[in-house]
Amino acid sequence: MDKLRIRGGRRLQGEIEISGAKNAALPELCACLLTTEPVTLRNVPRLQDVATMLKLIRNMGVQAERADDGLLHLNAGPLHTPEAPYELVKTMRASVLALGPLLARFGHAKVSLPGGCAIGSRPVDQHIKGLSAMGAEIKVEHGYMVARLAPGLTRLRGARIATDMVTVTGTENFLMAACLADGETILENAAQEPEIPDLAEMLIAMGARIEGHGSSRIRIQGVARLHGATHQVVADRIETGTFLCAVAATGGDVLLRHGRAEHLEAVVEKLRDAGVTVTPLADGIRVQANGRLSAQSFRTTEYPGFPTDMQAQFMALNAVSQGTAKVTETIFENRFMHVNELVRLGANIQIDGKVALVEGVPQLSGATVMATDLRASASLVIAGLVADGDTLVDRIYHLDRGYDQMESKLRALGADIQRVK
């Protein structure tokens with residue numbers, strides 16, 4: 001099992017390119033299931049979750065080929081098995097995204113209940129509720145969602161779907177399914193994360209009729225068929241935010257090419273309040289920090305609020321900042337599992353239910369720590385970059401699920417980091 005060895009104390013400087021967003025690439029790979037024509041995706045990150053999704057759709061019969069120039073060519077015309085088996089998706093919660101497209105195109109599907117990080121409950125009941133409103137009959141049996149059209153229907157039908165909570169994957173599933181439904185679908189309480197309008201733009205390029213994407217109310221007029229298209233995956237805002245925090249923690253000066261500050265307004269605002277200079281550029285972000293920063297309190301919430309996927313990384317920054325910060329996690333109930341590992345490095349953090357109280361310390365000290373989930377891994381890397389001595393981060397397979405060549409990018413910026421087999 002691979003580990004990362006980090007020798008802290010080096011200032012990050014230079015420039016790197018931000019990769020395509022995992023959380024955009026995964027639904028967009030599923031979107032190719034909606035058409036029999038070829039689809040080309042640009043800027044698809046090389047991540048374990050992407051590799052798992054490619055393995056899944058290839059198992060269904062999809063032709064998928066990576067080109068040397070970073071393109072991914074897909075053809076779901078030969079798709080013959082509308083099924084996502086457990087053994088292929090047990091490590092990835094995004095498997096549920098195959099349900100809507102398969103049901104819309106074939107009228108039936110069998111998809112395993114999703115896996116992924118152990119950071120709390122991720123119920124599929126909203127997916128079932130929304131697709132049922134569109135005319136699907138869905139049973140959960142033997143660990144699978146088994147779906148088919150209700151008797152008498154030849155296509156999904158348009159519907160008004162108002163979810164009980166904001167759900168990103170639910171919004172994406174309904175958006176894809178509605179493109180081939182009969183009539184109009186209106187999504188109320190839709191998620192607004194940048195990955196959703198990016199998916200919508202891909203679907204529009206394929207011939208879908210969508211309005212309101214990026215807002216809480218999306219309107220889709222179903223069409224009889226979708227055609228092929230070429231689409232570029234949007235830059236990963238969480239990778240961008242992670243490097244913003246890493247540079248800030250080390251007092252660095254870095255240009256993050258393709259990073260988009262407008263997708264991270266809540267994080268950027270907190271960084272500026274902490275004393276970091278964040279400058280949006282035409283095709284990227286420049287981040288500069290000097291001296292010890294001031295700790296910042298925040299509360300995670302749905303986009304455009306502070307993202308839960310940035311909570312652990314900013315906590316690592318707070319751990320070495322001046323003062324005390326209160327971090328409130330409202331999205332996932334188990335998302336403080338990185339705290340004990342940060343404490344092993346010398347952080348002063350107390351947990352009370354959904355609240356973590358972080359009192360900044362002048363210096364962390366290197367130790368062996370264990371990653372518990374994807375973003376926890378990133379927080380431990382940031383802490384290792386500023387800790388005195390060597391930090392060994394174990395279980396970095398979590399990191400490989402969501403960060404494209406993170407250690408190579410950090411080395412390019414001057415970090416002393418290496419992967420240990």
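Note that the coordinates shown come from a computational prediction; the quantities given were computed from them, not determined experimentally.

## Quick word on the overall build of the chain
Then comes step 1: When you go through the chain residue by residue, the secondary structure sums to 14 helices and 24 strands.
Then comes step 2: The C-alpha atoms of the chain give a radius of gyration of 22 Å, which matches the 22 Å a tight globule of 421 residues would have.
Then comes step 3: Buried positions account for 58% of the 421 residues belonging to the chain.
Then comes step 4: In the form shown here, the chain has an accessible surface area of approximately 16200 Å², with 45% of it arising from carbon and sulfur atoms.
Then comes step 5: On the chain, the mean spot of the 45 positive side-chain charges and the mean spot of the 47 negative ones are 2 Å from each other.

## Describing helix H4 (residues 99–106)
Then comes step 1: In terms of burial, H4 is a largely internal element, 6 of the 8 residues being buried.
Then comes step 2: Every buried residue belonging to H4 is among Leu99, Gly100, Pro101, Leu102, Leu103 and Ala104, and all of these are buried.
Then comes step 3: One or two positions beyond H4, positive phi appears at Gly107, with a value near 85°.

## Here we look at the pairing of strand E8 (residues 136–141)
Then comes step 1: With 6 bridges connecting them, E8 and strand E9 (residues 144–149) associate as antiparallel partners. Following the sheet pairing, Glu137 is matched in E9 by Arg148.
Then comes step 2: Counting the residues between successive antiparallel strands, the hairpin from E8 to E9 contains 2 residues, one of them, His142, with a positive phi of roughly 55°.

## Things to note about helix H8 (residues 237–250)
Then comes step 1: When the terminal C-alpha atoms of H8 are compared, their 20 Å separation across 14 residues agrees well with the 20 Å that a helix rising 1.5 Å per residue should span.
Then comes step 2: For H8, the N-terminal cap is Asp236; the gap from its side-chain oxygen to the backbone nitrogen of Ile238 is 2.9 Å.
Then comes step 3: At the C-terminal side of H8, Gly251 shows a positive phi close to 65°.

## Comments concerning the sheet that holds strand E3 (residues 38–42)
Then comes step 1: If you trace the 4 strands from one edge of the open sheet to the other, you get E4-E5-E3-E14, paired in mixed fashion. Here the strands that pair on one side only, and so sit at the sheet edges, are strand E4 (63–66) and strand E14 (229–232). Taking the axes of each pair of neighbouring strands and ignoring which way they run, one obtains an average angle of 15° across the sheet.

## Structural notes on the pattern of salt bridges
Then comes step 1: Considering all chains together, one arrives at 20 salt bridges under this definition.
Then comes step 2: A salt bridge links Arg260 to Glu262, with the nearest nitrogen and oxygen atoms 2.9 Å apart.
Then comes step 3: In this structure Arg260 comes out as partly exposed when scored by relative accessible area, which is 36%.
Then comes step 4: Taking the relative accessible area as the measure of exposure, Glu262 reaches 41% and is therefore partly exposed.
Then comes step 5: Where Arg375 meets Asp309, a salt bridge forms, and the shortest distance between an N and an O atom there is 4.0 Å. A residue pair is termed long-range when its members are at least 10 positions apart, and Arg375 in helix H12 (residues 374–386) and Asp309 in the loop between strand E18 (298–299) and helix H10 (311–319) qualify at 66 residues.

## Remarks on the environment of Asn348
Then comes step 1: Along the polypeptide, Asn348 turns up in strand E20 (residues 348–352).
Then comes step 2: Take Asn348: its relative accessible area is 28%, and that puts it in the partly exposed class.
Then comes step 3: When the C-alpha positions of Asn348 and Ala319 are compared, they lie 7.0 Å apart, and in sequence the two are 29 residues distant.
Then comes step 4: Once you skip the residues sitting within four places of it in the chain, Asn348 turns out to touch Leu357, Val358, Glu359 and Val361.

## Some words on the confidence of the model for the chain
The predicted coordinates of low-pLDDT regions are not to be read in fine detail.
Then comes step 1: Across the chain, pLDDT averages 94, with 98% of residues at or above 70.
Then comes step 2: Counted against residues more than four places away or in other chains, residues 116–121, with its pLDDT under 50, gives 20 contacts.

## Description of the pairing of strand E17 (residues 284–288)
For a regular strand, the rule is simple: side chains alternate between the two faces of the sheet.
Then comes step 1: Bridge count between strand E15 (residues 253–257) and E17: 5 bridges; the pairing is antiparallel. Residue Asp253 lies in a different strand from E17, and its bridge partner there is Gln288.
Then comes step 2: Across 5 bridges, the pairing between strand E16 (residues 277–281) and E17 is antiparallel. Each residue of the ladder has a partner; that of Leu281, found in E17, is Gly284.
Then comes step 3: Between E16 and E17, which pair antiparallel one after the other, the connecting turn spans 2 residues.

## Let's talk about the packing of aromatic side chains
Then comes step 1: Applying the stated criterion to the full structure yields 3 aromatic pairs.
Then comes step 2: Measuring from centroid to centroid gives 5.4 Å for Phe298 and Phe314, while their planes differ by 70°, and the two rings are edge-to-face. Highlighted residues: Phe298 in strand E18 and Phe314 in helix H10, separated in sequence by 16 residues.
Then comes step 3: On the basis of relative accessibility, which here comes to 5%, the residue Phe298 falls in the buried class.
Then comes step 4: Aromatic side chains Phe306 and Phe314 sit 5.7 Å apart centroid to centroid with 80° between the ring planes, which places their arrangement in the edge-to-face category.
Then comes step 5: Classification of Phe314 as buried rests on a relative accessible area of 0%.
Then comes step 6: Taken together through their ring pairs, the aromatic side chains of Phe298, Phe306 and Phe314 make up a single cluster.
Then comes step 7: The residue whose ring lies beneath Lys110 is Tyr144, and the NZ or CZ to ring-centre distance is 4.8 Å.

## Quick look at the nonpolar core
Then comes step 1: Among the nonpolar cores identified, the biggest contains 78 residues, and Leu175 and Leu203 are the most heavily contacted of them.
Then comes step 2: Other than its neighbours up to four places away in sequence, Leu175 contacts Leu187, Ile196, Leu199, Ala200, Leu203, Ile210, Ile218 and Ile220.
Then comes step 3: Counting residues in each nonpolar core, the second largest holds 70 residues, with Val268, Ala347, Val393 and Met406 among its members.

About the criteria used
- Residues numbered from 1 in each chain as written.
- Predicted model: local features only at pLDDT ≥ 70, side-chain atom pairs only at ≥ 80, totals over all residues.
- Heavy atoms only, no water.
- Helix = DSSP H or I, 4+ residues; strand = E, 2+ residues; numbered from the N terminus.
- Rg over C-alpha atoms; globule rule 2.2 N^0.38 Å.
- Buried < 20%, exposed > 50% of the residue type's maximum accessible area, 1.4 Å probe, protein only.
- Areas by Shrake-Rupley, 256 points an atom, 1.4 Å probe, with all protein chains shown as cover.
- Lys, Arg positive; Asp, Glu negative; His and termini not counted.
- Charge placed at Lys NZ, Arg CZ, Asp CG, Glu CD.
- Pairing = 2+ DSSP bridges.
- Expected span 1.5 Å × (residues − 1).
- Polar contact = N/O pair within 3.5 Å; in protein donor to acceptor, adjacent residues only side chain to side chain.
- Axes fitted to C-alpha atoms, helices over the stretch in contact; angles between N-to-C directions.
- Salt bridge = Lys/Arg side-chain N within 4 Å of Asp/Glu carboxyl O.
- Contact = heavy atoms within 4.5 Å.
- pLDDT = per-residue confidence, 0-100.
- Phe/Tyr/Trp six-rings, centres within 6.5 Å; stacked < 30°, edge-to-face > 60°.
- Lys NZ or Arg CZ within 6 Å of the ring centre and 35° of its normal.
- Core = buried A, V, L, I, M, F, W, Y, C linked by side-chain atoms within 4.5 Å.

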